[in-house]
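Residue-level structural notes
Now for the letters of each chain:
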Amino acid sequence: MAKLHLANDLAEKTRVYAKSRAPPPRYSDVYPSGPLNKIAGVRLPNKPSSTLWDISIEDGRISAVDPHDFECSRRHPLPGVLDGSNRLLSPSLCHAHIHLDKCFLLQDPKFCDLQIEKGDFQEAMDMTSKAKARFEEDDLLRRGRQLIEESIHYGVTVMRAFVEVDGSVRFKCLDAGLKLKKEFEDRCEIQICAFAQLPLFSGHDGGEEVRRLMTEATHREGVDVVGSAPYVELDEVKMKMNVRWISMMALFNEKPLDLHLDYFLEENKQPLVWAALDIIKGRNWVEKGGKQITLGHCTRLTRFKEEDWQRLKQDIGNLPVAFVGLPTSDLFMMRTPESLRGTLPVVEMIEKYGFNAAIAVNNVGNAFTPQGTCDPLSIASLGVGLYQAGTKKVAEILYATVSSRAKTAINCESTSLALATGEPADFVLFDRMDTGWRCKKSIAEVVYDAGTARQTIRRGRVTAF
Ligand SMILES: [Zn+2]
């Protein structure tokens, strides 16, 4: 009875809709499955919100940006043309730093006995190592697939995914990561970073097993990046040995390097960044064609004074270094006994000192970061309050830290807010077609409140509706 009532109601609504306006286009016309040659009638960043534009696409790249052709759209639907419906079109998003293998541990029924009791760093490490002992291919694929699907929905077209390699998980996380990379290759570029979260030189066997496994992992086909977390070593000597070893692996195997560095806040503990830069420069990194160096976390740098920032800029010199701040994790995990908190001042680093810097989600649904989603824009939005970044200009910088700057930080071609001819046709469209006056008209509005209705386009193909 209730069902029948609902059906009648729906039929009535459809009749009213049909009377009031032309029938809606067929689903297949609205969302072409093949490559697009045009996205018609969109708002663009950096252009007056009152004007509409058509973006032409050839071979997955922007071939032209023209004022919207209203005549042409009346002859709609044309094959290969996506109806922009006045929505804002912007460059796609990027996870510059995400842990693929540790995601959704708090939600997955397999790990439901592992819930947060204390909420501190040690508990997060212990819980994660307990979970890792139970990792199997099926849950790694299930959780990883969920993270990638949700990310694509939010507008992500490229990510750097960390998968851990050690004696406990051996190559389980790596194998699952490589499978997912292949599975999603048409919809999202997934850079796989073989990552030594555990010490390379401390521990019962002096890190020998981790080094052996990492060496093997580095040579595996499909591994794009190598990385480690020097802060987990027992003392400073071993931390430096960690940086020496992993930077040698990256340089000799021609892979980008990703270091999770200085993940603490205490002012009396010295940061490793100085020694790390010395070691890397000592390898004649630039002369030998060394790839991108990405430094994640780096919370200790929040204690830097003006002269430290100046020195950092100088020490980096022409090294291809980028920083990635991880505010949601830092806010939850990083606190001193006096309850001081800190996360990289990314906006200041970009504006004042000209560093390459981005922000990222880091963890989703685990004891390191229980709060938050797979949406990079939620981090940009948090940045408005965190960095007191409310102006239009700074909001655009924040957008770039999860879009073009994030892609640059992981050595990936990017699309700028200018949407210039020749740039990759990697986009996100905001809102539904019928959102009305609350639809986003500028990048600042998106950063303040991006909403969840989005459509993703990668190399001229729709990847999420
Ligand atoms: Zn991380």
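The structure displayed is predicted, hence computed values, not measured ones.

**Some thoughts on unusual backbone geometry**
A positive phi is found at Asn46, a non-glycine position, where the angle reads about 65°. Locating Asn46 in the fold gives a position in the loop between strand S1 (38-42) and strand S2 (53-58). The phi dihedral of Asn86 is positive, around 65°, even though this residue is not glycine. You can see Asn86 is positioned in the loop between strand S4 (81-83) and strand S5 (89-91).

**Thoughts on the coordination of the zinc ion**
For the zinc ion, the protein coordination sphere consists of His97 (NE2), His99 (NE2), His297 (NE2) and Asn362 (OD1), at 2.1 to 2.8 Å. Bound by four donor atoms, the zinc ion shows angles of 84 to 152° at the metal and therefore irregular coordination geometry. Written as a sequence motif, the donor arrangement for the zinc ion is H-x1-H-x197-H-x64-N.

**Some words on the environment of Met159**
Inspection of the secondary structure puts Met159 in strand S7 (residues 156-164). On the basis of relative accessibility, which here comes to 0%, the residue Met159 falls in the buried class. Through-space distance from the C-alpha of Met159 to that of His95 is 4.4 Å; in sequence the pair is 64 residues apart. Excluding its chain neighbours within four sequence positions, the residues that come into contact with Met159 are His95, Ile98, Leu147, Ile148, Ser151, Cys188, Glu189, Ile190, Gln191 and Ile410.

**Remarks on the nonpolar core**
Leu147, Leu312, Phe323 and Tyr399 are the most contacted members of the largest nonpolar core, which totals 122 residues. Formed jointly, this core draws a minimum of three residues from each of two domains, domain 1 (25-91 + 418-464) and domain 2 (93-409). Excluding residues within four positions of it along the chain, Leu312 makes contact with Val273, Trp274, Leu277, Leu301, Phe304, Phe323 and Phe355. In this structure, Leu44, Trp53, Ile62 and Phe427 belong to the second largest nonpolar core, which totals 16 residues.

**Let's talk about the sheet that holds strand S9 (residues 223-228)**
Here eight strands make up an open sheet; going across it, the order is S6-S7-S8-S9-S10-S11-S12-S13 and the pairing parallel. The sheet is open, and its two edges are formed by strand S6 (93-99) and strand S13 (357-359), each paired on a single side. Taken over all neighbouring pairs, the strand axes of this sheet differ in orientation by 25° on average, direction set aside. As defined by bridge partners, S9 adjoins strand S10 (residues 257-261) across three bridges and the pair is classed as parallel. Following the sheet pairing, Val226 is matched in S10 by Leu257.

**Observations concerning the packing of aromatic side chains**
By the definition in use, this model includes eleven aromatic pairs. Arranged with centres 5.4 Å apart and planes meeting at 5°, the rings of Trp274 and Phe304 form a pair that is stacked. With a gap of 30 residues between them, Trp274 in helix H9 (residues 273-282) and Phe304 in the loop between strand S11 (293-297) and helix H10 (306-316) connect regions that are remote in the sequence. Exposure class is identical for Trp274 and Phe304. Each is buried.

**Focus on the pairing of strand S12 (residues 321-325)**
Counting buried residues along S12, five of its five residues qualify, which places the element largely inside the surrounding structure. A two-sided burial pattern is seen for S12, the buried positions comprising Val321, Phe323 and Gly325 on one face and Ala322 and Val324 on the other. One ladder, built from four bridges, connects S11 with S12; its direction is parallel. Bridge pairing in S12 links Leu295 to Phe323.

**Comments concerning the domain arrangement of the protein chain**
Here the protein chain is described as being made up of domain 1 (25-91 + 418-464) and domain 2 (93-409). Between the C-alpha centres of domain 1 and domain 2 there is a distance of 32 Å. On the domain 2 side, the residues contacting the 19 residues of domain 1 number 26 residues. For the pairing of domain 1 and domain 2, the buried interface totals around 1800 Å² over both sides, and the portion due to carbon and sulfur atoms is 55%. For domain 1, the biggest contributors to the area lost against domain 2 are Val447, Arg454 and Arg458; these three give 35% of the whole.

**What to know about helix H13 (residues 376-386)**
Restricting attention to buried positions, one finds in H13 the residues Pro376, Leu377, Ile379, Ala380, Gly383 and Val384. All buried residues of H13 lie within an arc of 160° about the axis, which places them on one face of the element. With a side-chain oxygen positioned 2.9 Å from the backbone nitrogen of Leu377, the residue opening H13 is Asp375. Just downstream of H13, Gln388 is the residue with a positive phi angle, here 50°.

Basis of the calculations
Residues numbered from 1 in each chain as written. Predicted model: local features only at pLDDT ≥ 70, side-chain atom pairs only at ≥ 80, totals over all residues. Heavy atoms only, no water. Helix = DSSP H or I, 4+ residues; strand = E, 2+ residues; numbered from the N terminus. Donors = N, O, S within 2.8 Å, 3.2 Å for Na, K, Ca; no water. Tetrahedral: all angles 85-135°; square planar, octahedral: opposite > 155°, others 65-115°. Buried < 20%, exposed > 50% of the residue type's maximum accessible area, 1.4 Å probe, protein only. Contact = heavy atoms within 4.5 Å. Core = buried A, V, L, I, M, F, W, Y, C linked by side-chain atoms within 4.5 Å. Domains from an automatic or database assignment. Pairing = 2+ DSSP bridges. Axes fitted to C-alpha atoms, helices over the stretch in contact; angles between N-to-C directions. Phe/Tyr/Trp six-rings, centres within 6.5 Å; stacked < 30°, edge-to-face > 60°. Buried area = accessible area lost by both parts, 1.4 Å probe. Arc of directions from axis to C-beta. Polar contact = N/O pair within 3.5 Å; in protein donor to acceptor, adjacent residues only side chain to side chain.

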